[in-house]
Amino acid sequence: IIKQNLIISILISMVLGVIVGYYFDVSWFKTLILPLTFLLVYPMMVTLKLETILERWNVKLQLTTQLINFIVFPLIAYFLGVLFFSDNEYLRLGLLLIALLPTSGMTISWTAMAKGNVNAAIKMVVIGLLLGAILSPFYITLFMGEAIEVPFMQIFTQIIVVVLLPTLLAFITQKILVRNYGNEKFHKSIKPKFPLFSTLGVVIIIFVAISLKAKMIVNQPEI
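Caption draft 1: Expanded view of the packing of aromatic side chains. Counted by the stated rule, this structure contains 5 aromatic pairs. Ring geometry for Y78 and F79: centres 5.3 Å apart, planes at 70°, overall edge-to-face. A connected cluster of aromatic rings, assembled from ring pairs, spans W28, F29 and F207.

What follows is the structure, given as structure tokens:
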């Protein structure tokens, strides 16, 4: 039901997120972000032919993606920040970081839902997160005029937990299922069920994210 009505489900989760987050203490929701992101990525990985990740890379595609990630988007974010938030350096910094740091699990999940090239998306995510971890301090210094501490280890840990660990566990899961049930039954009966969990994960993680910022959304709507 959620997959067939994804847009409506997301809107409902956002509205519920505002209501729940405003009236209840949901600070503990922060602990759910990482496991939910894992839930988002792992089921999608189980459906992949993971061996194809090691196949020949489309260098032109990956290069174009990272040029957009680290040249086009940061410049757009910088000029939008100067235009709209010239009196608030923290909002400018937030906008810059949103543009600078590529997403992780969501990129892979949305690509799979759109029936896109998931293997290419995984490679984009890994390269983007690694480059983001390295380039962030330089970009912040360049655009903001001051060095702000960037949690390198946290970013690398995220890469491992959100991308590499689910990929490894999914590969093991796929091998066990194929061995126990056979290749044909896995692809026809078992494989189609896994993406449904990712769809559920998308809706829940949006609810959690909105809930955590609900008080600010209601009390400071101008922001």
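Moving on from the model shown.
Caption draft 2: Fine view of the pattern of salt bridges. In this structure the tally under the stated criterion is 1 salt bridge. With its nearest N and O atoms 3.2 Å apart, the salt bridge here joins K188 to E184. In this pair, K188 and E184 are both assigned in helix α8 (residues 183-190), 4 residues apart and thus about one turn of the helix distant. Accessibility assignment for this pair places K188 and E184 in one class, exposed.

Caption draft 3: Geometry of the environment of A99. Here A99 shows up in helix α4 (residues 89-100). On the accessibility criterion, A99 (16% relative accessible area) is buried. Setting aside its immediate chain neighbours within four residues, A99 contacts N69, F73, P74 and A77.

Caption draft 4: Molecular detail of the nonpolar core. Grouped together as the largest cluster of nonpolar side chains are 29 residues, with contacts concentrated most on V41, M45, I108, I122, V163 and I206. At the level of elements, α1 (6-23), α2 (33-46), α6 (118-144), α7 (152-181), α8 and α9 (194-212) are the ones that each hand at least two residues to this core. Core analysis: the second largest hydrophobic core is formed by 8 residues, F70, L93, L96 and M144 among them.

Caption draft 5: The side chain of R92, seen in detail. With respect to the helices and strands, R92 occurs in helix α4. Despite its burial, R92 pairs with no opposite charge; the closest candidate is E89, at 5.1 Å N-O. Leaving out residues up to four positions away in the same chain, R92 has contacts with G81, V82, F85, S86 and M144.

Caption draft 6: Structural context of the environment of K191. Following the sequence through the fold, K191 ends up in the loop between α8 and α9. On a C-alpha basis, the gap between K191 and L48 in space is 9.3 Å, while along the polypeptide they are 143 residues apart. When near neighbours in sequence (up to four residues on either side) are disregarded, K191 contacts T47 and F186.

Caption draft 7: Spotlight on the packing of α1 against α9. Look at α1 against α9: their axes get within 7 Å of each other, and the N-to-C directions meet at 30°. Taken together, α1 and α9 sit at an angle that is classed as roughly parallel. At the point where α1 passes α9, the crossing takes the right-handed sense. Along its contact with α1, which presents L6, S9, I10, S13, M14, L16, G17, V18, V20 and G21, the element α9 presents T199, V202, V203, I206, F207, I210 and S211.

The rules behind the values
What you see as residue numbers is a count from 1 along each chain, following the sequence as written. The predicted origin of the model limits local features to residues at a pLDDT of at least 70 and limits the giving and counting of side-chain atom pairs to 80 or more, whereas totals for whole chains, interfaces and linings rest on all residues. To obtain the side-chain values, all non-hydrogen atoms of the structure were used and water was disregarded. The aromatic pairing rule takes the rings of Phe, Tyr and Trp, using the six-membered ring of Trp, and pairs them if the centres are within 6.5 Å, calling planes under 30 degrees apart stacked, those over 60 edge-to-face and the rest tilted. What makes a salt bridge here is a side-chain nitrogen of Lys or Arg within 4 Å of a carboxyl oxygen of Asp or Glu, nothing more. In this text, helices come from DSSP runs of H or I with a minimum length of four residues, and strands from runs of E with a minimum of two, each type numbered from the N-terminal end. The rule is simple: take the accessible area with a 1.4 Å probe, protein chains only, and divide by the maximum for that residue type; under 20% is buried, over 50% is exposed, in between is partly exposed. The contact criterion used throughout is that any non-hydrogen atoms of two residues lie within 4.5 Å. By nonpolar core we mean a set of buried residues, namely Ala, Val, Leu, Ile, Met, Phe, Trp, Tyr and Cys, connected to one another through side-chain atoms within 4.5 Å. For the purpose of counting charges, residues Lys and Arg are taken to be positive, whereas Asp and Glu are taken to be negative. His and the chain ends are not included. Helix axes are fitted only over the stretch in contact, all axes being lines through C-alpha atoms; the angle between N-to-C directions runs from 0 to 180 degrees. Here is the rule for angles: anything less than 35 degrees is roughly parallel, anything more than 145 is roughly antiparallel, 65 through 115 is roughly perpendicular, and the remaining ranges are oblique. Crossing chirality is assigned from the near helix's rotation relative to the far helix, an anticlockwise turn below a right angle marking it left-handed and a clockwise turn marking it right-handed.

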